[in-house]
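Structure assessment
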Amino acid sequence: MGKIQGKPLALLLFVSILLGIFGACDQTLPKTGTLMDFVPENTLVVFKIANFESLQADIQNNALLSKFEKSPPYFFFSQKAALLQNLQPNSQSLLCINKLNDSLSAYTFITKQTKGLFQLDSLKNKTIETLKLDKQSFQRVTIGNEIAYSALVDSVFVLSSSQQILMDILEQKTERSETFSKVFNLPSSNEFTALVRGTKIALNDSTKIDFTSWSALDIAIAPDTFTATGITLATDSIPQLLNVFEGQTPQQNDASEIVPLDALGAVSFTFNDAEKFQKKLKDFRGDKTATATTGIFGSVSEVGSIQLKNETAIFIKSIDALLTEDALARYVSAKSSFRDIEISSFSEPQLFQKTFSPFINSAKANYVFQLENFFVFIENEATAEQLISAFQNNATLKNSAYFENTATNLSSASSLLLLKMQGEYATAIARFFNSTAKKSLEAISFNEFPLAALQFSYDRNFAHVTFSCNTLSGKTQTVSRNVSEKFNVKLENPVLGIPQIFNNKGSNVLVQDVGNKLHFISESGNILWTKNLGSGILGAIEVITISGNKFMAFATKDAFHILDRNGKDATSFPIKFKDAVTQPLSVFDYDNNGNYRFVIVQNNGVLMYDKNGKTVKGFGFDKAKSKIVQSPKHIRMGNKDYIVIAEESGKLNILSRVGKSRISVSKNFNFSAIPIAEEDNTFVVITKENTKERISQNGKITSQKLAVGSNYWFAINGTTKVTLDDNLLRINGKLVELPLGLYHKPQLFNIHRNTYITITETQEKKVYVFDKNGTLLNGFPVYGTSIASMSDGNEKNTLELTVIGESNSVILYSKN
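Here we summarise the structure given alongside this text. Treat the numbers as computed from the prediction; the structure is a model and nothing was measured.

**Digging into the overall build of the protein**
- Along its length, the protein carries 14 helices and 55 strands.
- Burial status across the protein gives 55% buried among its 816 residues.
- Long-range pairs, those at least 24 residues apart, make up 56% of the contacts in the protein between residues at least 6 apart in sequence.
- For the protein, the accessible area works out to roughly 35400 Å², and carbon and sulfur atoms hold 45% of it.

Dropping the structure here:
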């Protein structure tokens, strides 16, 4: 028994998280002649143990219960282990816990007397005394400084750390309530059952409510999981909150759809008859005042609250959102909007507290917004933006692997569902201790237990109870990698072009607004500098490395810029032009050695510069015969370099490094916006007629008419080929059927030796990210309205993505 130490009480503590802080006294009844006859009065919890030895091992190896091993006042149990470890029962036994005062608890062990039950012969430094007090005879067992008291009554062995408790048992002052008798005698084949006294439950951090009388929980312990199932009983003699669910059919709990991953917890309760439920609550509160009928809750099946770090949000789930919206209409007025979600002021901020207390105690429902069938009420607009972002980014509890694991033990419908997140158990547990113990207990980390769920489902005159808690195991961590929003920065003006990530001593974002200002934003969301360029950037910003430092290179309609990370112009830059630049900047690094060539296109003219801003001599192609319709592109096949330049006339120029014709192309093409690409050592042109033209290195042309729609797109990056035909995305031949919608062209990024594909749906405003195998990354889609850019993050194996949010905002996401 020595290995158990304080852990039986840890079980009590654990159950106290679930059922609240317990304590009550009931009327006595005649004895039943079982082990139950010896359970002390006012016991907080009774553990029915079938196999004492296996229980020791289970508790010893459970990650959650081991947290309480050093928590006061339960040092007592580790100190008294010398007594308990010598118990060797071979039949059912009971371990009862009584709270003597705020700083001291006592245990009582009860079992049938058998041979070899309590072996003390081999122990040294022990004393066994027979005492007689008030005509009661018992033994005092001392081992060193440790003392316990035992007695044998009608072949039942009783051992207690409290002399007074043992005396009370011998005088038949035991737990004999009718409710306790019912739960004690419930049939169960489980080897470990907890009978928990529970007249109080903590629905929030400030209020304890009469909830139920006794609960019987069959407990299953594994190294990474702790589950309990059973029933709980309430009485009619005193108001108990469980009874407000009488006559209600449990409804589906969907709160997890809107609870953000960084929430501290949530409460969800359901009903199918709102008027009856409200009347029961009024009776429970003893409220005699008349309540004005709002009609809001007639079409509602679920109500609850979400505990956030700074406030509590309230939600209702409607079975008919239009009816609920109509009922709310006279109480709301439009205030603002965020990501196309209207946020309205709400004129009855105390409505939920008045209607659903004690389940809801917040009186600050100042604003309301709608998420599908949910209506969410909050104190501040900033909280509304936080909850909307989490919902649109799928960063909610429902989408986490640890909720999925926990939910397997829960029913989809229940009367009451309590969720504790982020290991927020210390405050609730600390109520069980004296004030001295609170600080030390709150110092315990529960981060590896991200979620604990407790569920009650009312059924006639009792409720089914289920508890589930899992550790954040390695498997769960891998599956649970979600996307977090690092920042959402609003600019003074709408965004122009596509935001990009600039990685250099941190993941920064570059974005230009319609005022032609280029903003450089830190990964924490601070705008580090702004530079007015005078005109818009053409295409993408190219990130280059010069002398070990990263720079940004780009063209506007009248200049070629190279800037350092502080926004300062590189030496000799910018280069200004009288004639307009008509294509985005092309950057060639033939040998990947930083000897860059920068190509500027002005209508049909071609200018080539080096990194010092000097014109490259010896490049022989300075003018096409007609307007150039795509940015010149460098393609390498084998050990040969090619520069391809497409003209409006349909001519395709395939040049060498020095600008001389390398391959003669005999056919003209009606070039589309799809850039010329390399596939299987051939040049690929996709025409406006959706014909795929292949040009070999000896100039041979083959044509293939594609059976695709007008929105077809083709892109290739190394060995990864991607096509998009309306909502049909193919990645290396694997078909991914996207939801119907309008999509931006897919983008390909090489990161961490993998290729990732981003694609944005413009109507639902969702950004999807797939890997090269066509698998959607966990945590996507997220909210976004533009083409998205990706890069690697600062931390190992992290990905970062930036995209336009609202018209004047830019978002940076991070994925672990």
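**Re the pattern of salt bridges**
- One pass over the structure, following the stated rule, counts 26 salt bridges.
- Salt-bridge contacts for Arg460 lead to Asp459; the nearest nitrogen and oxygen are separated by 3.2 Å.
- According to the relative accessible area criterion, Arg460 is exposed, its value standing at 61%.
- Between Asp591 and Arg657 there is a salt bridge, with its nearest N and O atoms 2.8 Å apart. Remark: Arg657 occurs in the loop between β39 (652-655) and β40 (661-663) and Asp591 occurs in the loop between β34 (586-588) and β35 (597-602); sequence separation between them is 66 residues.
- On the basis of relative accessibility, which here comes to 43%, the residue Asp591 falls in the partly exposed class.
- For Arg657, a relative accessible area of 33% gives the class partly exposed.
- Linked by salt bridges that have partners in common, Asp591, Arg636, Asp641 and Arg657 make up one network.

**With respect to helix α10 (residues 381-392)**
- Look at α10: 17 Å from first C-alpha to last across twelve residues, which is about the 16 Å you get at 1.5 Å a residue.
- Along α10, the positions that sit buried rather than exposed are Thr383, Ala384, Leu387, Ile388, Ser389, Ala390, Phe391 and Gln392.
- A positive backbone phi angle near 60 degrees is found at Asn394, which sits one or two residues after α10.

**Describing the packing of aromatic side chains**
- Applying the stated rule across the entire model yields 33 aromatic pairs.
- Ring centres of Phe138 and Tyr149 lie 6.4 Å apart, and the angle between their planes is 65 degrees; this geometry places the pair in the edge-to-face category. Here the residue Phe138 occupies a position in strand β5 (residues 136-143), and Tyr149 occupies one in strand β6 (residues 146-153), the gap between them amounting to eleven residues. Like Tyr149, Phe138 is buried.
- Between the aromatic rings of Phe271 and Phe277, the centroid separation amounts to 4.9 Å while the plane-to-plane angle is 25 degrees, which identifies the pairing as stacked. Exposure class is identical for Phe271 and Phe277. Each is buried.
- An aromatic cluster of three or more residues is present, and its members are Phe245, Phe269, Phe271, Phe277, Phe297, Tyr331, Phe346, Phe352, Phe356, Phe359 and Phe377.
- When the ring centre of Phe184 is taken as reference, the NZ or CZ atom of Lys48 above it lies at 4.3 Å.
- For Arg662, the ring lying beneath its charged end belongs to Tyr642, and the centroid distance is 5.3 Å.

**Re a negative patch on the surface**
- Residues Asp320, Glu325, Asp326 and Glu342 make up a contiguous surface patch of negative charge.
- Along the chain, Asp326 turns up in helix α8 (residues 321-328).

**A short note on the sheet that holds strand β26 (residues 495-503)**
- Strand order in the open sheet formed by four strands is β26-β27-β28-β29, with antiparallel pairing between adjacent strands. Each edge of the open sheet is held by one strand with a lone partner, namely β26 and β29 (527-532). Direction aside, neighbouring strands of the sheet carry axes that sit 15 degrees apart on average.
- Strand direction decides the pairing type here: β26 and strand β27 (residues 507-513), joined by six bridges, are antiparallel. Each bridged residue has a counterpart across the sheet, and for Val495 the counterpart in β27 is Asp513.

Calculation notes
- Residues numbered from 1 in each chain as written.
- Predicted model: local features only at pLDDT ≥ 70, side-chain atom pairs only at ≥ 80, totals over all residues.
- Heavy atoms only, no water.
- Helix = DSSP H or I, 4+ residues; strand = E, 2+ residues; numbered from the N terminus.
- Buried < 20%, exposed > 50% of the residue type's maximum accessible area, 1.4 Å probe, protein only.
- Contact = heavy atoms within 4.5 Å.
- Areas by Shrake-Rupley, 256 points an atom, 1.4 Å probe, with all protein chains shown as cover.
- Salt bridge = Lys/Arg side-chain N within 4 Å of Asp/Glu carboxyl O.
- Expected span 1.5 Å × (residues − 1).
- Phe/Tyr/Trp six-rings, centres within 6.5 Å; stacked < 30°, edge-to-face > 60°.
- Lys NZ or Arg CZ within 6 Å of the ring centre and 35° of its normal.
- Patch = residues over 30% accessible without salt bridge, like charges linked within 9 Å, V, L, I, M, F, W, Y side chains within 5 Å.
- Lys, Arg positive; Asp, Glu negative; His and termini not counted.
- Charge placed at Lys NZ, Arg CZ, Asp CG, Glu CD.
- Pairing = 2+ DSSP bridges.
- Axes fitted to C-alpha atoms, helices over the stretch in contact; angles between N-to-C directions.

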